[in-house]
Amino acid sequence: MRYLFLLISFSLFAQDANKTVAQVLARMNKVRDYRVETQIKSDIPLIKIMPAKATIYFKQPEKFRMITKGIAILPKKGFTDLTALLRDKSAYNALFTGFEVINGVKSESITLLPTDDSGEIVLAKIWVDPSADVILKSQITSRTNGTVLSTYVYGAEKAFGLPSEMNITVDVKKFKIPKGVVVDINRTAVAPVNTRKTGQIHLLLSNYVINQGIEDKFFKE
């Protein structure tokens, strides 16, 4: 009887989690494409990099490109990994894992367990505002990028699930340094004992242009 109760409880949690994910996806799917102006500030240990301005282009299902005159750092596929995973319902099992208050909002914590043990994503978690069907925080652990933790702040484009700010925490050991970025040789020669293991990337997003049609030429290098 005890095992039957646990099985029923697990099934109910899975159903609730799948419903929440479906509602988040419904909001995401309102966006066919967008262009947005972005200001990026990075604080990565042992790397010198100035704030940069960029234009980000996105088009469903997974086309993404960032164009900037300076040097901008973002985790590889950091904008597309989560949406790609959520849209492929066969790629994961969703499980409700509790509640957490984020910036005064009671969010639902959902763990996404990949069905492919050999895939790129090892584990993913999202924290969802159930009243607005938007993701407040996400954590993705992948084989090549380590753990990437992102928090989201919403403004005028909340109805589309598009944030006005993002704060990304990256795993420095796994982080790939882009070409052209200057590494501080003096600091790496005698690295302090308490060198931070994580770096921070802050994005301020503004002037969205949504569902106006973006030509494929924008996604060519």
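Structure shown above.
All values reported here derive from a predicted model rather than from experimental measurement.

**Regarding the overall build of the protein chain**
- The helix and strand tally for the protein chain stands at 3 helices and 12 strands.
- Taking all 221 residues of the protein chain together, 42% fall into the buried category.
- By element, 56% of the accessible surface of the protein chain is carried by carbon and sulfur atoms, the whole surface being about 13000 Å².

**Structural notes on the sheet that holds strand β6 (residues 105-114)**
- Taken in spatial order, the 10 strands of this open sheet run β4-β3-β1-β12-β10-β9-β8-β7-β6-β5, and their pairing is antiparallel. Bordering the open sheet on either side are β4 (63-68) and β5 (92-102), each of which pairs with just one other strand. Adjacent strand axes in the sheet meet at a mean angle of 20 degrees when their direction is disregarded.

**Some thoughts on the pattern of salt bridges**
- Under the definition given, this model contains 2 salt bridges.
- With a shortest N-O distance of 3.1 Å, K137 and E100 are connected by a salt bridge. Separated by 37 residues along the polypeptide, K137 in strand β8 (residues 134-142) and E100 in strand β5 bring together distant segments of the chain.

**Description of the packing of aromatic side chains**
- Under the definition given, this model contains 3 aromatic pairs.
- A ring pair is formed by Y34 and Y208, whose centres lie 5.6 Å apart and whose planes are at 70 degrees; its orientation type is edge-to-face. Within this pair, whereas Y34 is found in strand β1 (residues 33-43), its partner Y208 is found in strand β12 (residues 198-210), the two being separated by 174 residues in sequence.
- Since its relative accessible area comes to 15%, Y208 is described here as buried.
- Judged by centre distance (5.1 Å) and plane angle (65 degrees), the rings of F96 and F99 are edge-to-face.
- For F96, a relative accessible area of 16% corresponds to the buried category.
- Aromatic rings pair up to connect Y34, F58 and Y208 into one cluster.

**Let's talk about the nonpolar core**
- Core analysis: the largest hydrophobic core is formed by 51 residues, its most contacted members being V21, Y34, L86, L112, I135 and I201.
- Discounting residues that sit within four places of it in the chain, V21 has contacts with L86, Y92, A94, I110, L112 and I126.

**A short note on the pairing of β6**
- In terms of burial, β6 is a largely internal element, 7 of the 10 residues being buried.
- In the sheet, β5 pairs with β6 via 10 bridges, with the strands oriented antiparallel. Paired with G98 across the bridge in β6 is S109.
- Counted along the chain from β5 to the antiparallel partner β6, the turn is 2 residues long, and its residue N103 has a positive phi close to 50 degrees.
- Judged from the 5 bridges that link them, β6 and strand β7 (residues 121-129) form a sheet pairing that is antiparallel. Opposite S109, over in β7, you have W127 as the bridge partner.
- Hairpin connection from β6 to β7: 6 residues lie between these consecutive antiparallel strands.

**Observations regarding unusual backbone geometry**
- Of the consecutive residues Q60 and P61, the connecting peptide bond is found in the cis state with omega at 5 degrees.
- One non-glycine residue, N103, adopts positive backbone phi at about 50 degrees.
- Of note, N103 is situated in the loop between β5 and β6.
- With a relative accessible area of 74%, N103 lands in the exposed category.
- Located in the positive-phi region is N207, a residue other than glycine, with phi close to 55 degrees.
- Relative to the elements of secondary structure, N207 occurs in strand β12.
- Judged by relative accessible area, N207 falls into the exposed class, the value being 59%.

The rules behind each value
Throughout, residues of each chain are indexed from 1 in the direction in which the sequence is written. It should be noted that, the model being predicted, local features are given only for residues of pLDDT at least 70 and side-chain atom pairs only at 80 or more, the latter also being counted only at that level, while totals for whole chains, interfaces and linings use all residues. With hydrogens and water excluded, all non-hydrogen atoms of the structure serve as input to the side-chain values. Helix numbering and strand numbering both begin at the N terminus, where a helix is a DSSP run of H or I of at least 4 residues and a strand a DSSP run of E of at least 2. Type-normalised accessible area, obtained with a 1.4 Å probe on protein chains alone, sets the label of each residue: buried when under 20%, exposed when over 50%, and partly exposed for intermediate values. Accessible surface is estimated by sampling points in the Shrake-Rupley manner with a 1.4 Å probe; for residues, cover comes only from the protein chains shown. The pairing criterion is simple: DSSP has to find at least two bridges between the two strands. Axes here refer to lines fitted to C-alpha atoms; in helices the fit is confined to the stretch in contact. Angles between the N-to-C directions go from 0 to 180 degrees. Criterion for a salt bridge: a side-chain nitrogen of Lys or Arg within 4 Å of a carboxyl oxygen of Asp or Glu. Ring pairs shown here join Phe, Tyr and Trp side chains whose ring centres sit within 6.5 Å, with only the six-membered ring taken for Trp; geometry is labelled stacked below 30 degrees between planes, edge-to-face above 60, and tilted in between. Side-chain atoms within 4.5 Å are what join buried Ala, Val, Leu, Ile, Met, Phe, Trp, Tyr and Cys residues into a set we call a nonpolar core. Contacts are assigned to residue pairs with any non-hydrogen atoms lying within 4.5 Å of each other.

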